[in-house]
Amino acid sequence: MRIIRAKDYEEMSIKAATVISSQKTLFPDSVLGLATGSTMEGTYQILSEWYEQGWIDYSELKSVNLDEYVGLSADHSQSYHYYMKKHLFSKINIDEKNTNLPNGMASDPEAECRHYDEIIEGYGRIDLQLLGLGPNGHIGFNEPADEFPSLTHCVYLTEETIKANSRFFDDINEVPRNALTMGIKSIMQANKVLLCVNGAHKADALKSVLTGPITPQVPGSILQLHSDLIVVADEEALSKM
Ligand code: F6R
């Protein structure tokens, strides 16, 4: 595990973007596992700027996102489809047919999960998986549970996650209660994992993830077993370490 310390959110975003663009430069046809949320917004902004400046070409890139809310269509302003389009895909030259997110509107969510695993398997690998961290230690939408779920599955979001994500909605009752998320096995099979964490409100979670027991009650703790984990975190997030 390598921990890259950043002064603040901006520096974390620059360092994360540097790791991603290095991957892209070394291996243009990389498969990137992408995450959403406020942690990643700065990183995507920087990647978009570097594209505009002509430094990165995304034409061969393939992407698989971690998760999507159940019941939100791609054009809903809080769906992760919408987020990705707004913060990254519309700003770079990635080919839309090479981008993938679970379909939260699928009439058969179980079938959609199997379909999503087939897409991941079809690529044969995820070269670099980006992750944010939930204040409860979740990665993707793999919430604290009695076991580590391996493949893409449908989850009930915890009250803590619903509350944390309600900041993006007008009313907490609008936050979907379910989501489709990539499983822990797919995340752990990525060749390289980049975990980005900022803010004092994540300090306890980050400490548990990196130094606590490996337990499905803290889903991110499994990352201690990954052979190529890079953590980019700001001073506040690292303040309890
Ligand atoms: C998003 C995702 C989540 C977020 C996490 C942190 O695709 O998978 O695990 O990374 O909830 O969210 P923010 O960055 O909004 O604090």
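Residues numbered from 1 in each chain as written. Predicted model: local features only at pLDDT ≥ 70, side-chain atom pairs only at ≥ 80, totals over all residues. Heavy atoms only, no water.

Student: Help me understand the nonpolar core in this model?
Tutor: One broad rule of soluble globular proteins: the nonpolar side chains tend to lie buried together. The biggest cluster of nonpolar side chains holds 68 residues, and the ones touching the most others in it are Tyr44, Leu47, Leu130, Leu194, Leu195 and Leu206. Ignoring anything within four residues of it in the chain, the contact list for Tyr44 reads Leu34, Ala35, Tyr83, Met84, His87, Leu88 and Leu130. (Core = buried A, V, L, I, M, F, W, Y, C linked by side-chain atoms within 4.5 Å. Buried < 20%, exposed > 50% of the residue type's maximum accessible area, 1.4 Å probe, protein only. Contact = heavy atoms within 4.5 Å.)

Student: Even after reading the chapter, I still don't get helix H1 (residues 9–26), so can you show me in this structure?
Tutor: Spacing of three or four residues puts side chains on the same side of an α-helix, whose turn is 3.6 residues. The end-to-end C-alpha separation of H1 is 26 Å, in line with the 26 Å expected for 18 residues at 1.5 Å each. Within H1 the residues assigned to the buried category are Met12, Ser13, Ala16, Ala17, Val19, Ile20, Ser21, Gln23 and Lys24. At its buried positions, H1 is contacted by strand E1 (2–6), strand E2 (31–34), helix H2 (38–52), strand E6 (128–131), strand E9 (192–197) and strand E10 (229–234). (Helix = DSSP H or I, 4+ residues; strand = E, 2+ residues; numbered from the N terminus. Expected span 1.5 Å × (residues − 1).)

Student: I tried to follow the side chain of Lys24 on my own but got confused; where do I start?
Tutor: Considering the arrangement of structural elements, one finds Lys24 in helix H1. In this structure the side chain of Lys24 is engaged in a polar contact, spanning 3.1 Å, whose partner is the backbone oxygen of Pro28. With residues near it in sequence (within four places) discarded, Lys24 still touches Ile56, Asp57, Tyr58 and Leu61. (Polar contact = N/O pair within 3.5 Å; in protein donor to acceptor, adjacent residues only side chain to side chain.)

Student: What should I look at first to understand the site of the ligand in this one?
Tutor: Lining the immediate surroundings of the ligand are 14 residues, of which Thr36, Thr39, Asp67, His138 and Gly140 lie closest. The contact in question runs from an oxygen atom of the ligand to an N or O atom on the side chain of His138, over 2.7 Å. When the ligand sits alone it has 410 Å² of accessible area, and the protein chains cover 95% of it. Each residue belonging to the shell around the ligand can be placed in one class, and the counts come to 3 nonpolar, 8 polar and 3 charged. (Near = heavy atom within 4 Å. Areas by Shrake-Rupley, 256 points an atom, 1.4 Å probe, with all protein chains shown as cover. Nonpolar A, V, L, I, M, F, W, Y, C, P; charged D, E, K, R; others polar.)

Student: Looking at this structure, I do not really get the environment of His153. What am I missing?
Tutor: Position of His153 relative to the elements: it lies in strand E7 (residues 153–156). For His153, a relative accessible area of 15% translates into the label buried. Once the C-alpha coordinates of His153 and Asn103 are considered, the two residues, 50 residues apart in sequence, prove to be 12 Å apart. Polar side-chain contacts of His153 include one of 2.7 Å to the backbone oxygen of Leu151.

Student: Please explain the pairing of strand E8 (residues 178–181) as it appears in this structure.
Tutor: Relative to E8, strand E4 (residues 67–69) runs antiparallel, the two being bridged by 3 bridges. When the bridges of E8 are listed, Tyr69 appears paired with Ala179. Sheet topology note: the E7/E8 ladder contains 4 bridges and is antiparallel. Bridge pairing in E8 links Val155 to Ala179. (Pairing = 2+ DSSP bridges.)

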